[in-house]
Amino acid sequence: MQPMNNEELTRRALALVAGRRQRAVTLAQQRTEAALQQVPALAGWEQRQAAAGLAAARLAASGAPEEQVRQALARARQLEAQREALLRDAGFDPAGLQPAYTCGRCRDTGYVNGRLCSCVRALVQEMRQRAVNESGPLALSSFDSFDLNKYPDTSVPGLGLTARAQMERVYRYCKDYADQFTLENPSLYLCGYAGLGKTHLALAIARQVLEKGYNVVYVSAQNAFSAVEREHFDPEGRTMDTMQDAQLLILDDLGTEYITPYVSSCLYSLVNTRVCRRLPTIYTSNIVTDADLQRRYTEKIVSRLLGSCEMLFFVGEDIRLQGK
Ligand SMILES: [Zn+2]
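Per-chain numbering applies: the sequence of each chain, read as written, is numbered from 1 onward. Side-chain atom pairs in this predicted model are given and counted only at pLDDT of 80 or more, local residue features only at pLDDT of at least 70, and totals for whole chains, interfaces and linings cover all residues. Think of the side-chain values as coming from all heavy atoms in the structure, minus any hydrogens and water.

Engineer: Mind laying out the sheet that holds strand S6 (residues 216-220), listing which residues take part and the relevant values?
Structural biologist: Any two strands with at least two DSSP-identified bridges between them are counted as paired. A run of DSSP states H or I qualifies as a helix once it reaches four residues; a run of E qualifies as a strand once it reaches two. Both are numbered from the N-terminal end. Reading across from one edge, S6-S7-S8-S5-S9 is the order of the 5 strands in this open sheet, with parallel pairing throughout. Only two strands of the sheet have a single neighbouring strand rather than two, namely S6 and strand S9 (309-313). Sheet twist, expressed as the average angle between the axes of neighbouring strands with direction ignored, equals 15 degrees. The sheet contact formed by strand S5 (residues 187-191) and S9 spans 5 bridges and is parallel. What sits directly across from serine 187, in S9, is cysteine 309. Here a residue-residue contact requires only that any non-hydrogen atoms of the pair lie within 4.5 Å. The convention used is that axes are lines fitted to C-alpha atoms, helices contributing only their stretch in contact, and that angles between N-to-C directions extend from 0 to 180 degrees. Here helix H6 (residues 198-211) sits on the sheet in contact with S5, S6, strand S7 (248-254) and strand S8 (281-285), set at roughly 160 degrees to S8. Together, S6 and S7 form the strand contacts of helix H7 (residues 221-230), whose direction differs from that of S6 by roughly 90 degrees.

Engineer: Explain the environment of tyrosine 193 to me, and be specific about the residues and the numbers.
Structural biologist: Examined against the element boundaries, tyrosine 193 turns out to sit in the loop between S5 and H6. Considering only alpha carbons, one finds tyrosine 193 and tyrosine 177, 16 residues apart in sequence, at a separation of 22 Å. In contact with tyrosine 193, other than residues within four places in its own chain, are Lys198 and Asn286.

Engineer: Go over the pattern of salt bridges, please, and point to the residues and values.
Structural biologist: Side chains bearing opposite charge may pair, as long as their charged atoms lie close to each other. A pair is scored as a salt bridge if a Lys or Arg side-chain nitrogen falls within 4 Å of a carboxyl oxygen belonging to Asp or Glu. Here the structure, examined in full by the defined rule, presents 11 salt bridges. Residue glutamate 257 is joined to arginine 296 by a salt bridge in which the shortest nitrogen-to-oxygen separation is 3.3 Å. Placement of glutamate 257 in the loop between S7 and helix H9 (261-276) and of arginine 296 in helix H10 (residues 290-296) is noted, with a sequence separation of 39 residues between them. Arginine 296 gets classed as partly exposed once you look at its relative accessible area, which sits at 29%. Aspartate 292 is the salt-bridge partner of arginine 295, the closest N and O atoms lying 2.5 Å from each other. Taken together, the residues span about one helical turn, with arginine 295 and aspartate 292 both in helix H10 at a distance of 3 residues. Only protein chains enter the accessibility calculation, which uses a 1.4 Å probe; a residue whose area is less than 20% of its type maximum is buried, one above 50% is exposed, and one in between is partly exposed.

Engineer: Got a sec to walk through the packing of aromatic side chains? Specific residues and values, please.
Structural biologist: When two rings of Phe, Tyr or Trp (its six-membered ring) have centres within 6.5 Å they constitute a pair, described as stacked for plane angles under 30 degrees, edge-to-face for angles over 60, and tilted for the intermediate range. Taken as a whole, this structure holds 6 aromatic pairs when the rule is applied. Counting every residue linked through ring pairs, the aromatic cluster contains Phe143, Phe146, Tyr151 and Tyr171. Placement of a charge over a ring requires the Lys NZ or Arg CZ to be within 6 Å of the ring centre, with the centre-to-atom vector within 35 degrees of the ring normal. In this structure, arginine 48 is placed above the aromatic ring of tryptophan 45, and the distance from its NZ or CZ to the ring centre is 4.8 Å. Over the ring of tyrosine 268 we find lysine 300, and its NZ or CZ is 4.2 Å from the ring centre.

Okay, here's the thing in structure tokens:
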């Protein structure tokens, strides 16, 4: 996925809305022209109607006798009724000559009283959802499709629990985390060997939190940080902003990115910014121990990162190799 920031998404949504407006207006114009050709008597009709309406309004404003105002209004309504009758006789639906806007609130302008219309915000949300969908097998990654039976019912040494029992706890925790999500939620560090369902549960959370209307960004660490590295000297680059601004950031497969000093400093800055803004982040990683993390990153990064997270340990056997 190419992460996009709010500004970019809003720009695209406004372009979509403008396209809708143009289509609605063009279609109405085409029908109006067709109607005029077929019913020449309609030429200048709208101006006459408008003039009649204006005359009635003037009379009312100038304090003319009520009877005069009433007659003027009736004249305007009569013109309207005659126009509709002419159109119907010629086989036109009068309503079809008005632009049929997708959004009645903003008439497909994207703004109501100078503020973004709810239809634009809905489109932005839809585009985010699509971006997340494209980045992972989200259709498969719901809580419902997570199968605990794939985890062995055998005890895990040192844990005092079976793998399945541990994973049931993890599953429960993630489900509650998503069900009761607010920006007060803690960050999570989902760790364990490959193929134990970390990405599945992270995406299941992402999907549910998105449905609640939050701005969720999902990125794989590998793609995200190669974009960050590419954008090093590119003022147009938005990947860091997108990751820093998301209300919930899912940084998948931490540890697979190519580390350079620049990437390392960006990771610290990302973790630190999100901790300071109190925005939750979900990391998934195959790196399980502090020592391994510190070997890869610096102690400064690791303590900042883990200090803000609840750690959830995934155990079992590679479930991707089962039941295929
Ligand atoms: Zn609207």
